[in-house]
Amino acid sequence: MKLKKRKKIVKYYKKGNLQKLSLVSGVAVLGLSLGLMQHESVRADQVAQTVSASNSVTSSSSSDANQSTSSSSQDTSANSSSTDSSSTSSSNTETTSKATTVLTTSESTTADTSSSANEETVTSSSSSSDSSSSVASSNDDATSSSSVDSSSSTDTTSSTESNVQTETTATATANTTTASTTAISNIALASSNSIATFTIGDTRYTSVDAVDVSSYQSWMTQNDYNELKALGVTTVIVKISEGSSYANPYAAQQIKYAQNAGLKVAVYHYIHFSNQSGAVSEANHTISVLKSLGLSSSTLIFADVEDSDTLSNSSATNATASLNAFWNTLSGSGYTNHAVYVYQSYTYRDAVIATVGTARTWLAQYPYTPSRGGSYETSHQDAGYGGWQFSSQATLPGSSNYLDVSHDYNGLLKNLGISSNEGYFDNISMNGTTLNVSGWHAADTSENEPYTTIIVYDATTNTELTRVSYNANERDDVYSAYTNIYNSKYSGFNTSIDLSKYNIDNHNIKVIARFSDQANGNGNVTDLWSDGKTLVQNRASFDSVTLNGTSLYVSGWHAADESSFEKNAYIILYDATLNKEIARVKYTPSQRNDVYNAYNSIYNSSNSGFNVTFDLSNVNFAGHNLQVVTRYSDDTAGNGNTTDVWSQNYNFNNNKSWIDSVKLNGTSLNVSGWHIADASSTEKYAYIILYDATTNKEIERVKYTPSSRSDVGSTYSNTYNSANSGFNVSFDLSNVNFAGHNLQVVTRYSDDTAGNGNTTDVWSQNYNFNNNKSWIDSVKLNGTSLNVSGWHIADASSTEKYAYIILYDATTNKEIERVKYTPSSRSDVGSTYSNTYNSANSGFNVSFDLSNVNFAGHNLQVVTRYSDDTAGNGNYTDVWSDNYNFNQNAGYIDSVSASTTNTIAVSGWHVADASSTRKYAWLIVLDKTTGKELTRVKYTPTTRSDVNKVYNTTYNSSQSGFTNVAITLPTSLTNINGHSLQIVARYSDDATFGNGSFVDYYSKLFTVKNGKIV
């Protein structure tokens, strides 16, 4: 469990090859013993050699991060330091272990003594009574090996975790280091070989099923754990504690990272105790850390047994007793999934293993090259071990950081236990002739035994009655408690079995929950048996299960022989969707003669009735399968021994809404109606949401308090709080672009005050508001102005707020002029078009100055417009009028008289729309007898109010007169005696001659007689 900077391994040779070896000098041995494990305590079986240090090395009981030496006492090294142990259990700091790989005696050599020099080799620790034993395997970041304090060669200290680890080199001569005589016969060659460094996932090496981490692996990120998962690693084993006070400060993060990556998590505690009182103290500390990390009681917990403290004043018997005291304390708090980590040559290895069994033992031993399928891999499997830690020098691809890695044999490391088989029967009860069975069954074997069966067994006759298959349902409560069992998340069962054809009265019936590898429930099986249950008469009926307002009313009867001694009657409301009880009501059974008549053989049939009420005002039941449980119990709280009947499922999930009215009123949209939903029992915040389905955006939401709707309550009495379901809300649309859009009204109940969170909605049909109408009340000329009045309504005016009237010349296809106006009140329009935006303010009355406009004879159109542009462009909504054509041309000669022999005076009027651009007024005298013009005179029109009254829609009719305009003829009247004259009134755009573009009025003919005009 630690990162090693350098590790040298001693290769063992058979005794027969000893003569081939050269004696290793004391200097070489000492150098090997002091400089081997640089980073932390070594874990696995890297063999300790008996070495007695000379004056150059001082033995100490402290765990120093910088040096490690061997002691002459009994095996005191952390041969397989699985954790970050400090040398004293009371230390709050994590310490660093160093172990040494040295020569070994024949007595201490275990499985390795039979390995030839050419075989796969492994380091093996020793446990000689006269030498220190240092092992080249480490579980993580704690040490307990004897070391020299960096500040004093004699002080005993507990070194803390350090960022700098100094390798101690020792130089000595053969005189300063002596090997025991028993070791000389078995001396091994210090090989230049070292443990192979390999990348996890390399198929040449033993497959990696688990990785263990401690504070020394705090460098690992979420991506590193994700990569472990991708490489096929199943489990991360996290150090959580050590001794009686240390807790890994990174454990929570490491567990989170592993779980996020989909890896399983086990944990380990690094022990120091060597007696039962110490074991209890450390167990209580471990329990505290387990709870602080929120780990479930099913978590697999390893005891990391390797520290030299565990050997102090101990024995095999004491080792077993102490470790059992540790396990018993854990079990007392519900933590019962136990296993051990130990290295091959640990002094009391067998005593440690005896507390949990070989199958629950995680053995540490490192070969030079852990070949896939190699002899060590297979030998440990054959020996029955649960898992094998085989290297401390594995890396992630592209990383130089080392990880301790392990291989699983029987599910200990991959399934975090050995074929767990757990379960519970929540209910076994008769409902008439139907046996109801519910509960859960979780077993690791279900991975290979996927078929699920419930078997009914008559223990009275020792025969199977029947069996049914079932589909497991989700049980999050089981998963939380038994996370590491294969199928715990989907372990539930709830089935009904017809037993009508079996005689089972007063028989002892057992129920078996079974996993099997055959569809018929046979083959290889894993069973869970219930306790025996004598099935006596137990019947019930549910007359009514109905909602009324915020309450659920339940009535019916329950008759059961067991009620003779189970006298506490209860009705329980159970949420089968959540697998939770909602509430229970204790009642006194009422008289039911009808039940007695039908079932007079059942003990309490005459007094078996019930009628109870459940308050659902704060219960989340909508859409859930609810069951009513009738119960007789011998416990006043309704627990203890019970006799139940479970109802069918009742599902209350009504959700209806009705929109009574959606209409525009001025600038507001008013929405009224009702919304009922069973979910409103917990989703108490009522909202009406206006949604634009065209833009897929919410426009606005309004929170409301539901109002009384007795009509809805009467119709939907079985829906929660239906009598209080009304709404009447308004939305301000004064700045909303909704015209032409499909709008929907969403009625919502929510558990969030803002209307989000969990919600229950009903969406309305589409409502499309795109009215656009206009009416021209009047278009008339008044003097030189054109006056236009009328009204224009448009839903688009909610955002197109600038109102314009545009005068358009359809003859020339040109706009003449536009006038911006503020819509005025038109209550008549508002009454008629109440469902159009702001219709009550839609009037207009504007004027256009036509004094310089050539419009006579042209088709004019009036355009009513709403625009989002202050100049009347941009986005707009128009209505175009019919054509208006102004081409009036009228006149009258009131009088023509002779003033002198060659002068006449002419009076009259002339109106013409064309005079708007033909501004020069002329009177022309024609001699119709000769067909020639005699003369013309320009004049200035004068006021004629009388004409204006008659021709008030003709341009400038009020200024159309001419009075006694003197016209001098080119000849005397006597010379044209008898000729017929005609007066032409003309408007022309030619100021000089009266030609150009003009419009004329021709008078009747006048005759010249004797110097007069007649």
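Throughout this document, residue positions are counted from 1 along each chain, in the order its sequence is written. With the structure being a predicted model, the display of local features is reserved for residues of pLDDT at least 70 and the display and counting of side-chain atom pairs for 80 or more, all residues being used for whole-chain, interface and lining totals. As a rule here, side-chain values come from all non-hydrogen atoms in the structure, and water together with hydrogens is ignored.

- In the annotation of an unreviewed UniProt entry, the entry for the chain reads Lysozyme, and the organism field reads Ligilactobacillus ubinensis.
- UniProt positions are given in the numbering used here, feature names are shortened, and annotations may be inferred rather than shown by experiment. The UniProt entry for the chain carries the following text under Sequence similarities (unreviewed entry): "Belongs to the glycosyl hydrolase 25 family."

**Section: helix α3 (residues 222-230)**
Moving on, step 1. The rule is simple: take the accessible area with a 1.4 Å probe, protein chains only, and divide by the maximum for that residue type; under 20% is buried, over 50% is exposed, in between is partly exposed. Per the convention used, a helix needs a DSSP run of H or I reaching at least four residues, while a strand needs a run of E reaching at least two, with both numbered from the N terminus. Taken together, the buried positions of α3 are Gln222, Asp224, Tyr225 and Leu228. Along the axis of α3, the buried residues cluster in a sector spanning 165 degrees; they form a single face. Relative to its buried face, α3 has exposed residues pointing more than 90 degrees away, namely Asn223 and Ala230.
Moving on, step 2. Contacts: residue pairs with any heavy atoms within 4.5 Å of one another. On the buried face of α3, the contacting elements are β2 (210-213), β3 (235-242), α4 (251-260) and β10 (403-408).
Moving on, step 3. Phi for glycine 232, located one or two positions after α3, is positive at around 100 degrees. The directions from the helix axis to the C-beta atoms are what the arc is built from.

**Observations concerning empty space enclosed by the protein**
Moving on, step 1. Only protein atoms enter the 1 Å grid, on which a cavity is a set of points fitting a 1.4 Å probe that cannot get out and a pocket is an open set with protein on both sides within 12 Å along at least 5 of 7 lines, lining residues being those with an atom within 4 Å of a point. Grid points are joined across faces, edges and corners, and a volume is the space filled by probe spheres set on the points. Taken as a whole, this structure holds 1 cavity of 30 Å³ or more when the rule is applied.
Moving on, step 2. Forming the boundary of the largest cavity are Ile271, Phe273, Ser274, Val305, Thr310, Ser314, Asn318, Ala319, Ser322, Leu323, Tyr346 and Val352.
Moving on, step 3. Counting residues per element, the lining of the largest cavity draws most heavily on helix α6 (residues 316-332), at 4 residues.

**Points about the layout of surface pockets**
Moving on, step 1. By volume, the largest pocket amounts to about 1200 Å³.
Moving on, step 2. Lining of the largest pocket is provided by 48 residues; of these, Tyr424, Phe425, Asp426, Asn427 and Ile428 occupy positions nearest its centre.
Moving on, step 3. Here the residues of the lining of the largest pocket are counted per class, giving 15 nonpolar, 19 polar and 14 charged.
Moving on, step 4. The computed volume of the second largest pocket comes to approximately 340 Å³.
Moving on, step 5. If you go around the second largest pocket, you meet 16 residues; those closest to its centre are Lys264, Val265, Tyr479, Thr483 and Asn484.
Moving on, step 6. Grouping the constituent residues of the lining of the second largest pocket by class yields 6 nonpolar, 8 polar and 2 charged. Residues are grouped as follows: Ala, Val, Leu, Ile, Met, Phe, Trp, Tyr, Cys and Pro are nonpolar; Asp, Glu, Lys and Arg are charged; every other residue, Gly included, is polar.

**Some remarks on the packing of helix α5 (residues 276-292) against α6**
Moving on, step 1. Running from N to C, α5 and α6 point in directions that differ by 35 degrees, and their axes come no closer than 8 Å. Considering the relative orientation of α5 and α6, their crossing is right-handed. The residues of α6 that touch α5, namely those facing Gln276, Ala279, Val280, Glu282, Ala283, Asn284, Thr286, Ile287 and Leu290, are Ala321, Ser322, Ala325, Phe326, Thr329 and Leu330.
Moving on, step 2. Here the residues of the contact of α5 with α6 are counted per class, giving 9 nonpolar, 5 polar and 1 charged. To get an axis, a line is fitted to the C-alpha atoms, and for a helix only the part in contact is used. The angle between two axes follows their N-to-C directions and goes from 0 to 180 degrees. Two helices crossing with the near one rotated counterclockwise from the far one by less than a right angle form a left-handed crossing, whereas a clockwise rotation gives a right-handed crossing.

**Observations concerning the packing of aromatic side chains**
Moving on, step 1. Within 6.5 Å between ring centres, the rings of Phe, Tyr and Trp (the latter by its six-membered ring) count as paired, and their orientation is classed by plane angle as stacked under 30 degrees, edge-to-face over 60, tilted in between. The tally for this structure, following the rule as stated, stands at 32 aromatic pairs.
Moving on, step 2. Measuring from ring centre to ring centre gives 5.7 Å for tyrosine 225 and tyrosine 257, while their planes differ by 55 degrees; the resulting arrangement is tilted. In this pair, tyrosine 225 is assigned in helix α3 and tyrosine 257 in helix α4, connecting sequence segments 32 residues apart.
Moving on, step 3. Taking relative accessible area as the criterion, tyrosine 225 reaches 1% and is therefore assigned buried.
Moving on, step 4. Linked through ring pairs, Phe198, Tyr205, Trp388 and Phe390 together constitute an aromatic cluster.
Moving on, step 5. We call a charge positioned over a ring when the NZ of a Lys or the CZ of an Arg lies within 6 Å of the ring centre and within 35 degrees of the ring normal. Across the ring face of tyrosine 687, the terminal group of arginine 701 is positioned such that the distance to the ring centre comes to 5.9 Å.
Moving on, step 6. Here the basic side chain of arginine 865 rests over the ring of tyrosine 876, its NZ or CZ set 3.6 Å away from the ring centre.

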